[in-house]
Amino acid sequence: MTRPLLICDCDEVLLHMVRHFGTWLRERHDMHFAYETGSFVAITAADGTPVEPARAFEMLDEFFPAEMERQTLVPAAAEALAAIGQHADIVILTNLGDHCRDHRITQLAAYGINHRVETNRGGKGDPVARLVAEYGNPVTVFVDDLAVHHESVAKHAPSVHRLHLVAEPAMADNVPPAPFAHARIDDWGEARDWIAQRFADDLPANTGETTA
């Protein structure tokens, strides 16, 4: 029998990132990252001048992989994956360059998370569809903090159940539910139960039911 499949993001889902990125920006560049706004490019220079998004992404590339050791585990994430992994296959799909893959594997292993890791650039719909096909089209749950990826998965793999999870408390209140997700849960204890129920139901997603 084909096991169900969990495809899970990493940053702000399994590991805290923005709070540590903000600290690094202040130390390294004397810049302020207003992650509480819910934007990943809300960076200002010391004089208050907004930093262009292109430059913000350049600094993210500076942070990864050199400063990944700063990241900390999201509460209950490792325990949830351990429980889910007893009955399902798990793939960590992370939007980092291929050169960061081994670093991410090592980083997660240090927290007891030892699952297949795939890196990606851009929308996650295509890689999710490929993974679902590779694993034999099982009942699949996708977990991510970014609405754009839920929209991409809804387009390319509509049968996948989509859970929107934002693990950073200071950011979560300012991030609206992803319109193309089926549910929004920011706590791994509740998320684990929601995922388990999707697997127990053993049915593809109802593409007409989302958080919108």
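For the structure, see preceding data.
No experiment lies behind these values; they were computed from the predicted model shown. (Residues numbered from 1 in each chain as written. Predicted model: local features only at pLDDT ≥ 70, side-chain atom pairs only at ≥ 80, totals over all residues. Heavy atoms only, no water.)

A. Geometry of the overall build of the chain. From N to C terminus, the chain includes eight helices and 10 strands. At 17 Å, the chain has a C-alpha radius of gyration in line with the 17 Å of a compact globule built from 212 residues. If one aligns the C-alpha atoms of the chain with their principal axes, the spans along those axes are about 60 × 35 × 30 Å. In the chain, which comprises 212 residues, the share counted as buried stands at 48%. Sequence separation of at least 24 residues holds for 67% of the intrachain contacts in the chain that already meet a minimum separation of 6. When the accessible surface of the chain is totalled, it reaches about 9900 Å², and 51% of it is carbon and sulfur. (Helix = DSSP H or I, 4+ residues; strand = E, 2+ residues; numbered from the N terminus. Rg over C-alpha atoms; globule rule 2.2 N^0.38 Å. Buried < 20%, exposed > 50% of the residue type's maximum accessible area, 1.4 Å probe, protein only. Contact = heavy atoms within 4.5 Å. Areas by Shrake-Rupley, 256 points an atom, 1.4 Å probe, with all protein chains shown as cover.)

B. Fine view of the sheet that holds strand β6 (residues 89-94). On the basis of which strands lie adjacent, the open sheet formed by six strands has the order β7-β6-β1-β8-β9-β10 and parallel pairing. Two strands close off the open sheet at either side, each with one partner strand: β7 (116-119) and β10 (183-184). Here four bridges tie strand β1 (residues 5-8) to strand β8 (residues 140-144), and the two strands are oriented parallel to one another. Directly across from cysteine 8, in β8, lies its bridge partner valine 143. (Pairing = 2+ DSSP bridges.)

C. Up close: the packing of helix α5 (residues 125-134) against helix α6 (residues 147-156). Orientation of α5 relative to α6, taken along the N-to-C sense of each, is 50°, at an axis distance of 7 Å. If you check the angle between α5 and α6, you find them oblique. As α5 packs across α6, the resulting crossing turns out to be right-handed. Here Gly125, Asp126, Val128 and Ala129 of α5 lie close against α6, whose contacting residues are Ser152, Val153 and His156. (Axes fitted to C-alpha atoms, helices over the stretch in contact; angles between N-to-C directions. Parallel < 35°, antiparallel > 145°, perpendicular 65-115°, else oblique. Left-handed = near helix turned anticlockwise from the far one by under 90°.)

D. Just the packing of aromatic side chains, in detail. Taken as a whole, this structure holds five aromatic pairs when the rule is applied. Where phenylalanine 21 meets phenylalanine 33, the ring centres are 5.3 Å apart and the plane angle is 75°; that geometry is what we call edge-to-face. Of the two residues, phenylalanine 21 is situated in helix α1 (residues 18-29) and phenylalanine 33 in strand β3 (residues 32-33); the sequence distance between them amounts to 12 residues. Judged by its relative accessible area of 0%, phenylalanine 21 is buried. Note on tryptophan 24 and phenylalanine 63: the rings are 5.8 Å apart at their centroids and 70° apart in plane angle, and the pair reads as edge-to-face. Of this pair, tryptophan 24 sits in helix α1 while phenylalanine 63 sits in helix α2 (residues 53-63), placing them 39 residues apart in sequence. No difference in accessibility class separates tryptophan 24 from phenylalanine 63, as the two residues are buried. (Phe/Tyr/Trp six-rings, centres within 6.5 Å; stacked < 30°, edge-to-face > 60°.)

E. Inspection of the nonpolar core at higher detail. Counting 31 residues, the largest nonpolar core has Leu6, Leu14, Ile92, Val143, Trp188 and Ile195 as the members making the most contacts within it. Sequence-distant contacts of valine 143, that is, excluding residues within four places in its chain, are made with Leu6, Ile7, Cys8, Asp9, Val13, Leu163, Leu165 and Ile195. Of all hydrophobic cores here, the second largest spans 21 residues; its members include Leu60, Cys100, Val166 and Ala172. (Core = buried A, V, L, I, M, F, W, Y, C linked by side-chain atoms within 4.5 Å.)

F. Inspection of the pairing of β8 at higher detail. In terms of burial, β8 is largely enclosed, as five of its five residues are buried. Inspection of the sheet shows β8 paired to strand β9 (residues 161-164) by four bridges, in the parallel sense. By the bridge assignment, valine 143 is partnered in β9 with leucine 163.

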